[in-house]
Each structure stands twice: as structure tokens, then as C-alpha cells.
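This is what each chain is made of:
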Amino acid sequence: MNTNIRSPKETTADDQIIPRSPFYENLKGILLKGGSLIGLIGLSAFFAITSPHFFTFSNWLNIFRQVSVILILACAQTMVIISAGIDLSVDTKL
């Protein structure tokens, strides 16, 4: 096993810090802050390419109908938590 492998922020024998490239730092920040959005866009692109019915009006209407109940409950639960009356019993209403 090779024990000479160092991470980019690890110090060398001369106690010099090896700097990371600005590209790496920018990419890390983008993935940490917007990784979910990038994944959602990637999945949407994949399904749009593989299925001709994905971006149809009837499909989007069906998706919004299915999500509407969860959306209403999530908005109400958010208001309850913000007002410091924490009540996590919404799952019993589903």
C-alpha cells in the first residue's frame, strides 16, 4: 500500500500548503449549493429524450394533480413550524 498519497490540502514535508485550483473550488460550491437542481434538470432531460409523452400537457396536469395534496399539507406544515407550534402529525392525515 502506498502511503505517500496526500490530499490537496495536506501539508508537505516543508510545511507548504498545496493549493487547490479555483476550478475545483467553484465546482465544489456549485455542486453543494445546486446539486439537487442539477440532478432534477438531468433527470428531466433524460426522460424527455427517452419518452415522447414526458413534456405533454396531459402528463404535467397529471403530475400537478398528484402533487397538489402533498403541496397543500407541506405549506400548512411550514406555517405551523414557523409559528413555533411544532406539530409533526401531518402524516396521519394522509
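Structure shown above.
My aim in this report is to walk through the structure given alongside it, one point at a time.

The rules behind each value
- Residues numbered from 1 in each chain as written.
- Predicted model: local features only at pLDDT ≥ 70, side-chain atom pairs only at ≥ 80, totals over all residues.
- Heavy atoms only, no water.
- Helix = DSSP H or I, 4+ residues; strand = E, 2+ residues; numbered from the N terminus.
- Buried < 20%, exposed > 50% of the residue type's maximum accessible area, 1.4 Å probe, protein only.
- Contact = heavy atoms within 4.5 Å.
- Areas by Shrake-Rupley, 256 points an atom, 1.4 Å probe, with all protein chains shown as cover.
- Phe/Tyr/Trp six-rings, centres within 6.5 Å; stacked < 30°, edge-to-face > 60°.
- Patch = residues over 30% accessible without salt bridge, like charges linked within 9 Å, V, L, I, M, F, W, Y side chains within 5 Å.
- Salt bridge = Lys/Arg side-chain N within 4 Å of Asp/Glu carboxyl O.
- Expected span 1.5 Å × (residues − 1).
- Bend = angle between axes of the 7 residues up to and from the residue.

Notes on the overall build of the protein chain
Then, number 1: Within the protein chain, the secondary structure is distributed over two helices and zero strands.
Then, number 2: For the protein chain, with 94 residues in total, the buried portion stands at 5%.
Then, number 3: Of all intrachain contacts in the protein chain linking residues separated by at least 6 positions in sequence, the fraction that spans at least 24 positions is 3%.
Then, number 4: In the structure as shown, the protein chain presents an accessible area of about 8,300 Å², 68% of it carried by carbon and sulfur atoms.

Here's the deal with the packing of aromatic side chains
For any pair of aromatic rings, the description rests on two quantities: the centre-to-centre distance and the angle between the ring planes.
Then, number 1: Counting across every chain of the model gives six aromatic pairs.
Then, number 2: Where F46 meets F47, the ring centres are 5.2 Å apart and the plane angle is 65°; that geometry is what we call edge-to-face.
Then, number 3: An angle of 65° between the planes, with centres 5.0 Å apart, marks the rings of F54 and F55 as edge-to-face.
Then, number 4: Looking at F55, the relative accessible area reads 54%, which means it is exposed.

Describing a nonpolar patch on the surface
Then, number 1: Taken together, the side chains of F23, L27, I30, L31 and I38 present a nonpolar region at the surface, about 500 Å² in accessible area.
Then, number 2: When you line up the elements, L27 lands in helix α1 (residues 22-50).
Then, number 3: On the basis of relative accessible area, L27 is assigned to the partly exposed category, the value being 37%.

Thoughts on α1
Then, number 1: An ideal rise of 1.5 Å per residue puts 42 Å on 29 residues; α1 reaches only 36 Å between its terminal C-alpha atoms.
Then, number 2: Along α1, the helix axis deviates most sharply at G34, where the bend reaches about 80°.

Focus on helix α2 (residues 57-82)
Then, number 1: The terminal C-alpha atoms of α2, which comprises 26 residues, lie 35 Å apart, in line with the 38 Å expected from a rise of 1.5 Å per residue.
Then, number 2: When the local axis directions of α2 are compared, the greatest deviation, roughly 40°, occurs at S68.

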